[in-house]
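One-letter residues, chain by chain:
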Amino acid sequence: MQLLPGAEPFRHDGGEVGVLVCHGFTGSPQSVRPWADYLAERGLTVSLPLLPGHGTRWQDMAVTGWQDWYAEVDRELWALRERCSEVFVCGLSMGGALTLRLAARHGAAVSGIVLVNPANKVHGVAARALPVLRHLMPSTKGIASDIALPGAVEVGYDRVPLHSAHSFRRFLRMLDAELPQVTQPLLLMHSPQDHVVPPADSARILSRVSSLDVTERLLERSYHVATLDHDAETVFEETYAFIGRLSKGLAELGTAPGG
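Here's a quick rundown of the structure. Quick caveat: nothing in here was measured; it's all calculated off a predicted structure.

All right, on to the sheet that holds strand 9 (residues 214-218) then. Read across the open sheet, the seven strands follow the order 1-3-2-4-5-8-9; overall the sheet is mixed. The open sheet is flanked by strand 1 (10-12) and strand 9, the only strands paired with a single partner. For this sheet the average axis-to-axis angle between neighbouring strands, irrespective of direction, equals 15°.

With that out of the way, let us pick up the pairing of strand 9. Of the pairings in the sheet, the one linking strand 8 (residues 186-190) to strand 9 comprises five bridges and is parallel in character. Residue pairing for strand 9: Met 189 is matched across the bridge by Arg 217. Handedness of the crossover is the feature at issue here: the chain leaves strand 8, passes through helix 7 (residues 199-208), returns alongside strand 9, and the resulting connection is right-handed.

Ranked by size, the top nonpolar core spans 41 residues in total, and within it Trp 69 and Leu 100 carry the most contacts. When residues no more than four places from it in sequence are discounted, the contact partners of Trp 69 are Phe 25, Leu 51, Pro 52, His 54, Met 61, Thr 64, Met 94, Leu 98, Ser 164 and Phe 168. If you look at the next biggest cluster of nonpolar residues, it comprises 32 residues, including Ala 40, Leu 219, Ala 226 and Phe 242.

We now examine the side chain of His 54. Considering the arrangement of structural elements, one finds His 54 in the loop between strand 3 (45-48) and helix 2 (58-61). Only 3.0 Å separates the side chain of His 54 from the backbone oxygen of Pro 52, close enough to count as a polar contact. Residues contacting His 54, with those up to four places away along its chain left out, are His 23, Gly 24, Phe 25, Thr 26, Gly 27, Met 61, Trp 69, Met 94 and Tyr 157.

Procedures and definitions
- Residues numbered from 1 in each chain as written.
- Predicted model: local features only at pLDDT ≥ 70, side-chain atom pairs only at ≥ 80, totals over all residues.
- Heavy atoms only, no water.
- Pairing = 2+ DSSP bridges.
- Helix = DSSP H or I, 4+ residues; strand = E, 2+ residues; numbered from the N terminus.
- Axes fitted to C-alpha atoms, helices over the stretch in contact; angles between N-to-C directions.
- Right-handed = clockwise from strand over helix to strand, strands pointing away.
- Core = buried A, V, L, I, M, F, W, Y, C linked by side-chain atoms within 4.5 Å.
- Buried < 20%, exposed > 50% of the residue type's maximum accessible area, 1.4 Å probe, protein only.
- Contact = heavy atoms within 4.5 Å.
- Polar contact = N/O pair within 3.5 Å; in protein donor to acceptor, adjacent residues only side chain to side chain.

So this is what it looks like as structure tokens:
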């Protein structure tokens, strides 16, 4: 199946510090590629996988579920661990939720996490009806390109497959119970004006994790896909500063911010 433009996975071999970047639900690597490029250009080893069922057509996603998406980022985490001395994980939206589960399950194997508008719950009245609704209609309208910046476009599906939405909802409910197991340093950046994931999701996550080193930043000028929006450069700079503050590898190279 032919990939959508920009949906291909991305990998860059850099130094001993690795970063796994996770894209969102019905999206593709294109939505977070500038984030990955920024880190790669500064010498980090970066992996940005294409999640199963994404980047082609929504019908391909309809036969996948959270186990498939999580298994992909889990494999990439361990591939980076074999290559790097430290690994950080970053994620947008559902990618943030996948990031949180990696942190909850793998402890010290994850040195720190960065979340941008992370999802904690599937909202709306129809969410409760998904177990039945998914058998009656295959898809609903898409959620891609919630971006304030004129001309910026996210490469993603124009339809949401309801079987996948049901699986995602089950995943988020399971993840919420696992959040207290998250202890790593955490940088969470979120948009007050987000038409896909409300700020309440970020507040819930911050209230549930056990991390002691927590930084919260507001992305005042951006909507959901902040990595392609007005605050993209802030996201990139804050991420690199966060990794630089925590990473022994960057400090030794003298490439940490202020180093």
